[in-house]
Amino acid sequence: MSSRHLAVFLWYHPWRATSAMFGFLYRRLLYMIPTVFLISVVTFVIIQLPPGDYLDTLAAELSDSGGLDEGTMQALRDQYGLGQPMYVQYLKWMSQILFHGNFGISFEKNIPVNDIIWDKLGWTFAISLMTLLFIWMTALPIGIYSAVRKYSAGDYIATFFGFIGLAVPNFLLALVMMYVAFKYFGQSVGGLVSPQYLGEPWTFDKFLDLLAHIWMPIVVVGTSGAAALIRIMRANLLDELYRPYVVTARAKGMSEFQLLLKYPVRVALNPFVSTIGWILPTLVSGEIIVAVVMNLPTTGPLLLRALLVQDMYLAGSLILLVSILTVIGTLVSDLLLAWIDPRIRYQ
Amino acid sequence: MTVETTLGPSGTEEEHTPELLGPWALMWRKFRRHRVAYVSLWITGLIYFMALFGDFLAPEKVDETNRRGIFVPPQGIHFLVTDEDGSRSFQLHAKALKMQVDRATMRRSYVQDPDKIIPLGFFVEGYSYEILGLIPSKTHFFGPKNPRDIVYFLGSDRLGRDILSRIIIGTKISMSIGLVGIVVSLVIGVSLGGLSGYYGGWVDTLIQRLVEFLRSIPTIPLWMGLAAAIPLGWPPLYTYFVVTIIVSMIGWTSLAREVRGKFLSLRNEDFITAARLDGLTDWEVIRKHMVPSFSSHIIASLTLAVPLMILAETSLSFLGIGLQPPIVSWGTLLKEAQNIRSIIEAPWLLIAPGTMIVIAVLALNFLGDGLRDAADPHAH
Amino acid sequence: MPQIRMHTEPDQTSHTVQPLVEIRGLKTHFFTDDGVVKAVEGVDLDIHANRTHCILGESGCGKSIMARSILRIVDAPGKIVEGSIIYRPGDGRSVDLAKMRPGSRDLREIRGQDIAMIFQEPMSSLGPITKVGKQIVETIHLHRRVSKAEAKEQAIELLDKVGIPRPSERFEAYPFELSGGMRQRAMIAMALSCRPRLLIADEPTTALDVTTQAQILDLIAELKEELEMGVLLITHDLGVVAEVAEDVSVTYMGKVVEKGDVFSIFEDPRHPYTQALMQSVPKLGMEKRHRLPAIKGMVPHPLARPSGCAFRTRCSQAMAGVCDKDEPGLLKSGKTDVACFLYQEETASV
Ligand SMILES: Nc1ncnc2c1ncn2[C@@H]1O[C@H](COP(=O)(O)OP(=O)(O)OP(=O)(O)O)[C@@H](O)[C@H]1O
Ligand code: SF4
Ligand SMILES: [Mg+2]
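All of these numbers come straight from a predicted model, not from anything done at the bench.

Draft legend 1. The arrangement of the interface of chain A and chain B in detail. On the side of chain B, 38 residues touch chain A, which itself brings 41 residues to the contact. Considering only the surface of chain A that becomes buried against chain B, Phe163, Phe171 and Tyr179 of chain A emerge as the three largest contributors, covering 16% of it. Put simply, chain A and chain B have zero salt bridges between them. Linking chain A to chain B there are zero residue pairs in polar contact (both at pLDDT 80 or more). Among the elements that make up the side of chain A that touches chain B, the one with the highest residue count is helix α13 (residues 276-294) of chain A (eight residues). Partitioned by chemical class, the residues of the side of chain A that touches chain B number 34 nonpolar, six polar and one charged.

Draft legend 2. Focus on the environment of glutamate 243 of chain C. Here glutamate 243 of chain C lies in helix α8 (residues 238-244). Remark: the alpha-carbon pair of glutamate 243 of chain C and lysine 148 of chain C, spanning 95 residues in sequence, is separated by 39 Å.

Draft legend 3. Representation of the environment of lysine 262 of chain B. Residues and elements named next belong to chain B. Checked against the element boundaries, lysine 262 lands in helix α9 (residues 252-267). Through-space distance from the C-alpha of lysine 262 to that of histidine 34 is 25 Å; in sequence the pair is 228 residues apart. Those residues in contact with lysine 262 that sit more than four places away from it in its chain are Phe294 and His297.

Draft legend 4. Geometry of the nonpolar core. Ranked by size, the top nonpolar core spans 174 residues in total, and within it Met224, Met290 and Trp330 of chain B carry the most contacts. Looking at which element gives the most residues to this core, the answer is helix α11 (residues 282-319) of chain B, with 15 residues. In this structure, this core is formed jointly by two domains, domain 1 (73-154) and domain 2 (168-375) of chain B, each of which donates at least three residues. Not counting chain neighbours up to four residues away, the residues in contact with methionine 224 of chain B comprise Ile288, Leu303, Leu304 and Leu307 of chain A together with Leu316, Leu319 and Ile321 of chain B. Ranked by size, the runner-up nonpolar core spans 101 residues in total, among them Leu107, Val132, Ala151 and Ile216 of chain C.

Draft legend 5. Fine view of the sheet that holds strand β7 (residues 198-202) of chain C. All names here are of chain C. Taken together, the eight strands give an open sheet; going across it, the order is β6-β7-β8-β3-β9-β10-β12-β11, and neighbouring strands pair in mixed fashion. Single-partner strands in this sheet number two, and they are β6 (115-118) and β11 (331-333). Averaged over all pairs of adjacent strands, the angle between their axes in this sheet comes to 20°, without regard to strand direction. Alignment of β6 against β7, held across four bridges, turns out to be parallel. Looking at the pairing, alanine 116 lines up with leucine 199 of β7. Here helix α6 (residues 180-192) sits on the sheet and contacts β6 and β7; the angle it forms with β6, its principal contact strand, is near 170°. Against the sheet, helix α7 (residues 210-227) touches β3 (52-56), β6, β7 and β8 (230-235), its axis set at about 160° to β8.

Draft legend 6. Broad picture of the sheet that holds strand β5 (residues 95-96) of chain C. With antiparallel pairing, four strands are arranged side by side in an open sheet as β2-β1-β4-β5 (chain C). Only two strands of the sheet have a single neighbouring strand rather than two, namely β2 (35-47) and β5 of chain C.

Draft legend 7. Helix α5 (residues 86-100) of chain A, seen in detail. Residues and elements named next belong to chain A. Look at α5: 21 Å from first C-alpha to last across 15 residues, which is about the 21 Å you get at 1.5 Å a residue. Listed in full, the buried residues belonging to α5 are Val88, Gln89, Tyr90, Trp93, Met94, Gln96 and Ile97. Backbone geometry just after α5 places glycine 101 at a positive phi near 60°.

Draft legend 8. The arrangement of the site of ligand 1 in detail. Residue and element names in this part refer to chain C. Around ligand 1 sit 15 residues in total, of which Ser59, Gly60, Ser64, Glu203 and His236 are the nearest. With respect to ligand 1, the backbone of cysteine 61 contributes an N or O atom lying 3.2 Å from an oxygen atom. In this structure, an oxygen atom belonging to ligand 1 sits 3.1 Å away from a main-chain N or O atom of glycine 62. Alone, ligand 1 offers 630 Å² of accessible surface; in the complex the protein occludes 70% of this. Looking at the shell around ligand 1, the elements that each hand over two or more residues are β1 (21-32), β2 and α1 (63-71). Here the shell around ligand 1 takes three residues from α1, the largest share from any one element. A class-by-class count of the residues in the shell around ligand 1 yields six nonpolar, six polar and three charged.

Draft legend 9. Fine view of α9 of chain B. All names here are of chain B. Its 16 residues place the ends of α9 22 Å apart at the C-alpha level, agreeing with the 22 Å of an ideal helix rising 1.5 Å per residue. Burial in α9 covers these residues: Trp252, Thr253, Leu255, Ala256, Val259, Phe263 and Leu266. Taken end-on, α9 shows its buried residues confined to a sector of 155°, consistent with a single buried face.

Draft legend 10. Layout of the site of ligand 2. In the region of ligand 2, the neighbouring residues are His271, Pro272, Cys309, Phe311, Arg312, Cys315, Gln317, Ala318, Cys323, Cys340, Phe341 and Leu342 of chain C. Among the residues forming the shell around ligand 2, the class breakdown is nine nonpolar, two polar and one charged.

Rules behind the numbers
Residues numbered from 1 in each chain as written. Chains lettered and ligands numbered in written order. Predicted model: local features only at pLDDT ≥ 70, side-chain atom pairs only at ≥ 80, totals over all residues. Heavy atoms only, no water. Contact = heavy atoms within 4.5 Å. Buried area = accessible area lost by both parts, 1.4 Å probe. Salt bridge = Lys/Arg side-chain N within 4 Å of Asp/Glu carboxyl O. Polar contact = N/O pair within 3.5 Å; in protein donor to acceptor, adjacent residues only side chain to side chain. Helix = DSSP H or I, 4+ residues; strand = E, 2+ residues; numbered from the N terminus. Nonpolar A, V, L, I, M, F, W, Y, C, P; charged D, E, K, R; others polar. Core = buried A, V, L, I, M, F, W, Y, C linked by side-chain atoms within 4.5 Å. Buried < 20%, exposed > 50% of the residue type's maximum accessible area, 1.4 Å probe, protein only. Domains from an automatic or database assignment. Pairing = 2+ DSSP bridges. Axes fitted to C-alpha atoms, helices over the stretch in contact; angles between N-to-C directions. Expected span 1.5 Å × (residues − 1). Near = heavy atom within 4 Å. Areas by Shrake-Rupley, 256 points an atom, 1.4 Å probe, with all protein chains shown as cover. Arc of directions from axis to C-beta.

None of this, on its own, says anything about what the molecule does.
Here you go:
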């Protein structure tokens, strides 16, 4: 078999799809390394911006309640390289994270960062992902409807709400919804569960209570994204609806609904899926703000507090992890996209 | 003879004899047909007028506190007064309020004083200020005729300050942050995007990676970090400037992408090649030939970036890490409505500035959309 | 089936075979914001089984819209406003396609099964992200109750039949992996998957290079013979007409101006428009293909349709006071039917 034949054989072999997928995955993973590195540098620079040595602040605070002895101070100083040049500090911080999984300690709370961040991060991402689902579940059908029934009353209503959704800032919407919920439905607002369930073990009732609360942040965080996606879906689909292949499908005898879903919607779905690339970062951002307003047990309030009191390692770890998790989420979306659209994995 | 034509009122005549309109005139004509965008242009203009002539429009001084007017609900404007003999006459006025304190609950409430009205009028005398910072004046567009009366058209806050006046004065900061932010984005976006698209190669790769990087991370935590690093003791002007720069970080990436795309497609156009062959330098080619051919697009994307920046400023100030209280902006106003208890006691603290933000952002969005459609020769 | 008019034809004693599709007085108009575009303005056409009928005409004269009207796939704001399209499924019945509801089940059953269509753009006429094989299988499943495996087998057979090498591998290919010619072959395979009785081909070779053009035309001609189907071929290209047509209709601004069998049209074109078209094609059966020669003047704007004979603005023999007054009807003259006052003594003498 000549090499040309071999190439042709490989090209048309059924498992070429899988191998192309792996090549794609591999390339994307390679891209991630410089991105993550940059994130860690930027984060470190930002948390270093305010002047002062945090260990001094800590020592000053703790001196009231017994204080830190010189030995501990020195040990901590060595561990984080405080007072040393910035790059040394950065390297120490990173090596602690990379080799020991140690994100440092929270100065304010005086406990390891590891002990407080993970469940908050979990909630932030749980809410962001649920919001993503919510956005897709609303934007997809509404966008399709708007495109297919262009200039109908429904289309105008969707467009109008789309613009409103884009124009109302997250936190404002959160405040308005909390106000309405409290005033007209008497619902307890803020938090993810009612006060009586706080600190309780998970039960079915607590889960139901969670559902009764969690929809509000999801809707609030998701509204602007949904508005944007409705417009994107509508525009994409309008681009596709009048393409020749749609006429072909119609001429084959497919029903309108069938051909709509099988052809133009599938094609229009690609730019739609690729929106995860930018929508996940904005959702995480939105979640952080809304969490502050609604007092959710997620990263938002923790990060804000850490930044305000300059609790550097806590703030740094939160920014770092939120960013990295977002990048991973984006990677997943890219893979999903490559899976849906064959054109992408062969480029 | 029946000529079988179906010319519409606008007719196809125009198409047969194309008028020689410049690109800007064409764009303007297209834009005006977009009715919502056209109305939005007027609203935007009005808002910027408000930013420029805030003191003239505001009935009260922004920081004037009033212990007898805490959390006053919005007061209505009435038109007719009834004399003792029962005849009615036209007189703009508001009803005076009396504060009552429930001793048991310590709650304030206000009741209308039926005997006392506050006459209102246009171009009334009030606090003194300088028009555009130059011409001293005491005239205010609308308000109580007696300078000592206070009417809260949109209610008052916890210190008895007039919300309406604060919104009007806050317009200056909120809207200008968008504008200044745009200038910064424009400079960064156009130069980086232009470099990227004009030279291509590794410059392009590097800048594209940077843009991708900035777009792939959640920016709010980063801005929060940056904003929180602003020392609290800084003078307001510094804070304002830094917040503007942070806010402008949002806009430039998409602008850079757009400019790059335009440069890439223009690079191989005949007229650019011709200009190069004429011996123009790169810079001259860019300035004389490339920038004019896509400036309308840039204006449209800039317009669409302004509302994003306004929203960003509002969000940061609301969280307490952007502009700080002596500065009046829509964001700092909303900070007063931060917890649900104050909203329930005085919903106007939320509703009035909130509505203003939504109107401004909507108008700018529609305006930008209309401009983009008008600038796009292929739009349907 | 309430919305379809079906009636049994009276026993035909005439010696001529009934046409497969009989179009009478068809008018398809576009109701645009600027006015009504009369894309098809009174067309009569007969398409016979086992014959190739070519529609010839300049760009924009309504050929595609007429073809699409048959399948009722004219996009909004286009609408059939008048006329009938009688289709005879071959069991003695006849249906008027023009009266059917565009999305109705009965019409959908005719599409793809009785009447199939292939288009000019092989690049964009196949769904871009669906495997070619799947698109064919899908068509088979729409009209035939067969198992998945059977449908796949049939599809591969079809791909083989239209001359695609290694059909079972191509079955798994995406359209972007195929060349233009291969895609058009795949389109034909898809169109033929349910053995249609009429194949409408709207400029199937315009976007292809010359060699591929010839191959595709040969393929269509071969398959026509094999399946005994009628073919309605739309083209700009006189060479194509000369090569494959049996019947020819020449169209101008939404009307048929001359029609007849291919020999008569080429030997003795009557209509000034046809004559102008023919000028640079000396003989029938020439190997070389010719694009339509440029005719002086431009096709008028579709909204500014000239009164009377639509061609009069470009006709060298136009008669003032006659041609701008009434529209000439299609009448027998010589061996062809012509719509021109030059051949209509009674009108011309008025
Ligand atoms: N969607 C539409 N809206 C308005 N007018 C249309 C539309 N589609 C087609 N037309 C008009 O119908 C007329 C006929 O178009 P058609 O596509 O049938 O031409 P054609 O003869 O097939 O030309 P070509 O050889 O270029 O394919 C044209 O004048 C065109 O302007
Ligand atoms: S009818 Fe008159 S204008 Fe029309 S083709 Fe014949 S001669 Fe020419
Ligand atoms: Mg056509």
